[in-house]
Amino acid sequence: RESGKGPTPVSNHYVLTHYDVPMLDPATHAVQVRGHVHRELELTLSSVRRRESITTPVLMACAGIGRSQQQKRFWTHAPWGPDAIGCALWTGCSLADLLREVGVREGAKKVIFTGADKGVEGNRVQHFQRCLSIEEAMKGHVLVCWAMNGEDLSPAHGAPIRLIVPGWYGMASVKWLTSIEVTADASWWGYQMDAYSFKRTAEDPNAVPLTQLAVRALMAPPGFPDFVSRTRIVPPGVQEIVGKAWAGAAGLDRVEFSSDNGETWERAELEEKNGPFGWAAWKAKWNALEGETAVLCCRAFDCQGRGQDRLGTEIFNYASFGCTQPQQVYCRVDARIDTPGADIDLTSEQKAAKTALLQESGLSVEHAQALYQAPGSQ
C-alpha cells in the first residue's frame, strides 16, 4: 500500500531474482571495466564511492507486471499481479562518465553487463547478462549504484554494486555487477535479451526487446480484506482513493478513476512526478453506498499520447510481458466492517475462486475475474 510521499522502503520494494542471491564481500569485490576501451579499470566499492555521485528517485517495475490479467497467457510461471513495483532513491556514479574515463574505442557498439548470479535457464548454464547500445549507455542517466534510500545496497537488491537504468523495465538494471564490457560486436544478443522480448513464438525472428516502461496507474485498495477471497470490505461514505502513476521518462497527462469496472471514468487529482524517472501521487473521491458491490479501476495517460490497455483485452505475447490493463479492486460496502465481532457472509466470493463453483456463487464472470485475475490488486 504505497500511499506515502517518501521513497518505497527497501523492505517493500519488489525483488525478482532469476537465480540465488550471491553473497559478495564488499571489501574485496571488484567490477571489471574492460573490452573495446583504451584503458581497463577495476571498480571497487571504495573507488565508486569516491566518484561524483548522483541520487535520484527511479520507478522500477518488473516486465511481467500484470501478467495474471492476460487471458491468453502461454506461460504459467511468475503470475505477477500489478504490484511488482517500487520507487526508491538510488545513489551511484554516471556510467557515461565512467566510460569516458576508460576511453571507448572507435567502433564500439554495445556495453554488456554481467551479474554474479548464476544458474540454468533455457537449458543453458549462465550468469545473468544484459546489454545496452553504446548510445544508450552514453546518455548520462544510467547509474552504477552502491546505495538505496541512503543506505548501502542490501544483498537482495544487488550489493555491493549494481546497475540502474532509469525509465526501463527492471531486468535492465543488472544486480551484483561483476563486469562492464564494451564490445564492437553489434550482433551480441544474450539469452536475457531474447527472453525479455515481445514475441509471438519462442523462435520469433521479429522479436522486439522490452526497453522503456509503459504508462500505468495503481491505487491503494480501500477498506479491509477478507482473509480467503481478499474481497475489500469498505464502510459506507465518501472514500478518498489514493495511488501512484508513472510513465518512465515521459510526463504524465492525467489519471482517471472508475467505480463501475471501467464503464465510466472521471479525472483524478494528479500531483507532479517526484523526479524525471519517478512517479506521481493522485487521488479521487468515491461515494461508497451501503450494500453496494463495486469494482474500482484506474488508468493513466502520458504527455506522448500513450494510455493503458483496455480491460479484458485478448492481446497476446509469448512471455506475457508489458500488460497494462487497468487495476481492478473488488469491493463490498458494508457498515459492519467497523464493528469488531460482526458477521459478514463472503461465501459467494470464496466460492468464486473455483471455476466449478462460479455459477453456484452467484458472481458474474466479470466480478470473479476482477477479484481473482489480479490478486495483487486486492
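These figures come from a predicted structure and were not determined experimentally. (Residues numbered from 1 in each chain as written. Predicted model: local features only at pLDDT ≥ 70, side-chain atom pairs only at ≥ 80, totals over all residues. Heavy atoms only, no water.)

## A few points about the pairing of strand E17 (residues 252–258)
With respect to burial, E17 is a largely interior element, five of its seven residues being buried. Relative to strand E21 (residues 293–302), E17 is paired through six bridges, and the arrangement is antiparallel. Its bridge partner being in E21, valine 255 is matched across the sheet by alanine 300. Across two bridges, the pairing between E17 and strand E18 (residues 266–267) is antiparallel. In the sheet register, phenylalanine 257 faces E18, and the bridge partner there is glutamate 266. (Buried < 20%, exposed > 50% of the residue type's maximum accessible area, 1.4 Å probe, protein only. Helix = DSSP H or I, 4+ residues; strand = E, 2+ residues; numbered from the N terminus. Pairing = 2+ DSSP bridges.)

## Topic: the pattern of salt bridges
Close approach of charged atoms allows side chains with opposite charge to pair. Applying the stated criterion to the full structure yields 14 salt bridges. Of the charged contacts in the structure, one is a salt bridge between arginine 254 and glutamate 256, with a shortest N-O distance of 3.0 Å. Judged by its relative accessible area of 22%, arginine 254 falls in the partly exposed class. Overall, the relative accessible area of 13% leaves glutamate 256 in the buried class. Ionic pairing is found between arginine 332 and glutamate 349, a salt bridge with its closest N-O pair at 3.1 Å. Of the two residues, arginine 332 is situated in strand E22 (residues 327–333) and glutamate 349 in helix H5 (residues 347–351); the sequence distance between them amounts to 17 residues. Several salt bridges share partner residues, and in doing so they unite Asp253, Arg254, Glu256 and Arg299 into one network. (Salt bridge = Lys/Arg side-chain N within 4 Å of Asp/Glu carboxyl O.)

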